[in-house]
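The primary structure of each chain is shown beneath.
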Protein chains: 2
Amino acid sequence: MESKERIMEEFRRKGFRATPQRIVIAQIVLKSKDHPTAEQIYQAVKKKYPTLSPATVYQTLHLLTEIGLLQELGFSDRVSRYDPNASPHINIICRNCGKIQDYQAESIKGLWSQIIMELGFKPIGQRLDIYRHCDQCQANMHNNQVL
Amino acid sequence: MESKERIMEEFRRKGFRATPQRIVIAQIVLKSKDHPTAEQIYQAVKKKYPTLSPATVYQTLHLLTEIGLLQELGFSDRVSRYDPNASPHINIICRNCGKIQDYQAESIKGLWSQIIMELGFKPIGQRLDIYRHCDQCQANMHNNQVL
DNA sequence: TCTTAAGTAATAATAACTCTTAAATAAGTT
DNA sequence: AACTTATTTAAGAGTTATTATTACTTAAGA
Ligand SMILES: [Mn+2]
Ligand SMILES: [Mn+2]
Ligand SMILES: [Zn+2]
Ligand SMILES: [Zn+2]
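The structure presented is a predicted model; accordingly, all values stated were derived computationally and were not measured. Going along each chain's sequence as written, the residues are numbered from 1 onward. Each chain takes a letter, starting from A, and each ligand takes a number, starting from 1, following the order in which they are written. For a predicted model such as this one, the threshold for reporting local features is a pLDDT of at least 70, and the threshold for listing and counting side-chain atom pairs is 80 or more; totals across whole chains, interfaces and linings nevertheless cover every residue. Hydrogens and water are ignored here; the side-chain numbers use all heavy atoms of the structure.

### Focus on the relation of the copies chain A and chain B
The line we're drawing: A least-squares superposition brings the copies together, and it is based on the C-alpha atoms of residues with pLDDT no lower than 70 in both.
Screw-axis analysis of chain A against chain B gives a translation of 0.0 Å along the axis, an RMSD of 0.2 Å, and a rotation angle of 180 degrees. Such a combination of rotation and displacement between the chain copies is what one expects of a two-fold axis.

Below, the structure written as structure tokens:
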């Protein structure tokens, strides 16, 4: 799901044009592991495509979300983050620094399908967040207490 | 967790003043069942307390979140919704109209404790969303197709 | 009652995101 | 290869939920 050809095919199959801007943005975001913001994606893409505008980034991220290759995660600070993994998994999120890490275990699949069965309908998506303070932030907090 | 006295006690216990504004806002939001927005809470509170300002609503909602009586749910449309149920449960959310309905089943507790055990740390919160199109929206969509 | 740190209301400021539009172009067609 | 056109892009203006600022008010302890 990361090669240029695969991405072009995916856009065209859904009836959208495979423009160089879209391809570069898709390549960057689909291989990302840290749930980047639109701004972070824009900064990364600009290196390969300096004339690109932020509006194109936003449009393309929405398009990728629409065709199911991406999940947009809204937060209360009003800055969305983008997750190339749209299948059921847990996002472990630090409430202090915002770092997000995926937790995808076999056990979740089983437990999840059981809940879906109970619900009695087929969801079109899901979002499973667990909040904590990451090791680094916990260490920092401790240091600040000591000082 | 809804009586005036209980709410006043809770504010004071955490070192905050129990002002009439805070009490009215807390009463409204803590008994809500439909995950209201700040604006909806403001409109409801204004009826009982007409001079109240939106800034006070925002501040109080943040305060209630901080002391653990409320959970703020951020969305990609940048409008947060507030959930008086901060314990592990599933929010069934309509992607079309935004309606949110709680699903709290015994089975979730089991799923939850098993995942916590696997993770090896104690979370400070969680968010479990399932997305769908609600019955009403599904009916509307169907009608529009037919017309 | 007095004192004062904390809280409120009003208003201005912020910023992520969306809208608008003229110019550019992907991708078919000849 | 040139032509055609609907789609897409870049730039800038606009939107709006939320936050910051500040002068006035008040809860609550002494
Ligand atoms: Mn993820
Ligand atoms: Mn809920
Ligand atoms: Zn952290
Ligand atoms: Zn609906």
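### Notes on the pattern of salt bridges
Residues and elements named next belong to chain A. The following threshold applies: For this document, the term salt bridge refers to a Lys or Arg side-chain nitrogen within 4 Å of an Asp or Glu carboxyl oxygen. To sort residues, take the accessible area from a 1.4 Å probe on protein chains only and compare it with the maximum for the residue type: under 20% means buried, over 50% means exposed, and anything in between is partly exposed.
According to the stated counting rule, one finds eight salt bridges over all chains in the structure shown. Between Arg132 and Asp135 there is a salt bridge, with the nearest N and O atoms lying 3.2 Å from each other. Residue classification places Asp135 among the exposed positions, given a relative accessible area of 54%.

### Let's talk about the coordination of the zinc ion (ligand 4)
Residues and elements named next belong to chain B. Quick note on the threshold: Sites may look incomplete, because water is not among the atoms used; the donor set itself consists of N, O and S atoms within 2.8 Å of the metal (3.2 Å for Na, K and Ca). Site shape is set this way: if four donors have all angles between 85 and 135 degrees, tetrahedral; if opposite donors are over 155 degrees apart and all others between 65 and 115, square planar for four donors and octahedral for six; otherwise irregular. Put simply, DSSP H or I for four residues or longer makes a helix, DSSP E for two residues or longer makes a strand, and each gets a number counted from the N terminus.
Coordination sphere of the zinc ion (ligand 4), protein contribution only: Cys94 (SG), Cys97 (SG), Cys134 (SG) and Cys137 (SG), at 2.3 to 2.4 Å. The coordination sphere of the zinc ion (ligand 4) comprises four donor atoms, whose angles at the metal cover 106 to 115 degrees; the geometry is tetrahedral. Spacing between the donor residues of the zinc ion (ligand 4) along their common chain follows C-x2-C-x36-C-x2-C. Separated by 40 residues along the polypeptide, Cys97 in the loop between strand E3 (90-94) and strand E4 (100-103) and Cys137 in helix H6 (residues 135-146) bring together distant segments of the chain. Judged by relative accessible area, which is 43%, Cys97 ranks as partly exposed.

### Focus: the protein's contact with DNA strand C
Short version of the rule: One heavy atom suffices: a residue is near a molecule or strand as soon as one of its heavy atoms comes within 4 Å of it. Whenever a nitrogen or oxygen atom comes within 3.5 Å of another N or O atom, the pair is scored as a polar contact, on the condition that within protein one atom can donate a hydrogen and the other can accept it, and that pairs from neighbouring residues in sequence are kept only if both atoms are in side chains. Each residue receives one of three labels: charged for Asp, Glu, Lys and Arg, nonpolar for Ala, Val, Leu, Ile, Met, Phe, Trp, Tyr, Cys and Pro, and polar for the others, Gly being one of them.
Surveying the vicinity of DNA strand C reveals 23 residues, the closest of which are Arg12 of chain A together with Arg17, Thr19, Thr56 and Arg78 of chain B. Close to the protein, within 4 Å, the atoms of DNA strand C are drawn from sugar and phosphate at a rate of 73%. Residue Gln21 of chain B places a side-chain N or O atom 2.8 Å away from a sugar or linking oxygen belonging to DNA strand C. Those elements that place two or more of their residues in the surface near DNA strand C are helix H4 (54-66) of chain A together with helix H2 (20-30) and helix H4 (54-66) of chain B. Residues that form the surface near DNA strand C fall into these classes: nine nonpolar, eight polar and six charged.

### Considerations on the interface of chain A and chain B
For clarity, the threshold we go by: Whether two residues touch is decided by their heavy atoms; if any such pair falls within 4.5 Å, the residues are in contact. Think of it this way: DSSP has to see at least two bridges between two strands before they count as a pair.
Residue-level contacts link 31 residues of chain A with 32 residues of chain B. Linking chain A with chain B are zero salt bridges. At the junction of chain A with chain B, the criterion picks out 10 residue pairs in polar contact (both at pLDDT 80 or more). Mapped onto the side of chain A that touches chain B, the elements with two or more residues apiece are strand E1 (71-73), strand E3 (90-94), helix H5 (106-119) and strand E5 (125-132) of chain A. It is E5 of chain A that provides the largest number of residues to the side of chain A that touches chain B, a total of eight residues. Partitioning the side of chain A that touches chain B into residue classes produces 16 nonpolar, eight polar and seven charged. Of the strand pairs in this sheet, E5 of chain A and strand E5 (residues 125-132) of chain B are connected by seven bridges, and their pairing is antiparallel. Bridging from a neighbouring strand, Gln126 of chain A pairs with Ile130 of chain B of E5 of chain B.

### Focus: the coordination of the manganese ion (ligand 1)
All names here are of chain A. Protein ligation of the manganese ion (ligand 1) involves His35 (NE2), Asp83 (OD), His89 (NE2), Asn91 (OD1) and Asp102 (OD), the donor distances falling in the range 2.0 to 2.2 Å. When the donor residues of the manganese ion (ligand 1) are listed from N- to C-terminus, their spacing reads H-x47-D-x5-H-x1-N-x10-D. You can see His35 sitting in the loop between helix H2 (20-30) and helix H3 (38-48) and its partner His89 sitting in the loop between strand E2 (81-83) and E3, a full 54 residues away along the chain.

### Let's talk about the packing of aromatic side chains
Selection rule: Classification of ring pairs rests on two measures: the distance between centres of Phe, Tyr or Trp rings, Trp counted by its six-membered ring, which must be within 6.5 Å, and the angle between planes, read as stacked under 30 degrees, edge-to-face over 60 and tilted in between. As a reminder, the over-ring test applies to NZ of lysine and CZ of arginine, requiring each to be within 6 Å of the ring centre and within 35 degrees of the ring normal.
This model, assessed by the stated rule, comprises zero aromatic pairs over all chains. In this structure, Arg95 of chain B is placed above the aromatic ring of Tyr131 of chain B, and the distance from its NZ or CZ to the ring centre is 4.1 Å.

### Looking at the pairing of strand E4 (residues 100-103) of chain A
Residue and element names in this part refer to chain A. When E3 meets E4, the two strands line up antiparallel, connected through four bridges. Considered in E4, the bridge of Ile93 is made with Ile100. Here E3 hands over to E4 after five residues, with Gly98 in that stretch at a positive phi of 85 degrees.

### Focus on the pairing of E5 of chain B
Residue and element names in this part refer to chain B. Summarising burial for E5: eight of the eight residues are buried, a large majority. A two-sided burial pattern is seen for E5, the buried positions comprising Gly125, Arg127, Asp129 and Tyr131 on one face and Gln126, Leu128, Ile130 and Arg132 on the other. In terms of strand pairing, E3 meets E5 through five bridges, oriented parallel. In the strand pairing of E5, Asn91 is matched with Asp129.

### Remarks on the packing of helix H3 (residues 38-48) of chain B against H4 of chain B
Residue and element names in this part refer to chain B. Test applied: A fitted line through C-alpha atoms represents every axis, and for helices the fit uses only the stretch in contact; the resulting angles, taken between N-to-C directions, go from 0 to 180 degrees. Take the far helix as your reference; a near helix turned counterclockwise from it by less than a right angle gives a left-handed crossing, and one turned clockwise gives a right-handed crossing.
Interhelical geometry of H3 versus H4 gives an angle of 115 degrees and a closest axis separation of 10 Å. Seen along the crossing, H3 lies across H4 with a hand that is right-handed. Packed against H3, whose contacting residues are Ala38, Ile41 and Tyr42, the element H4 presents Pro54, Val57, Tyr58 and Leu61 at the interface. Per-class residue counts for the contact of H3 with H4 are seven nonpolar, no polar and no charged.

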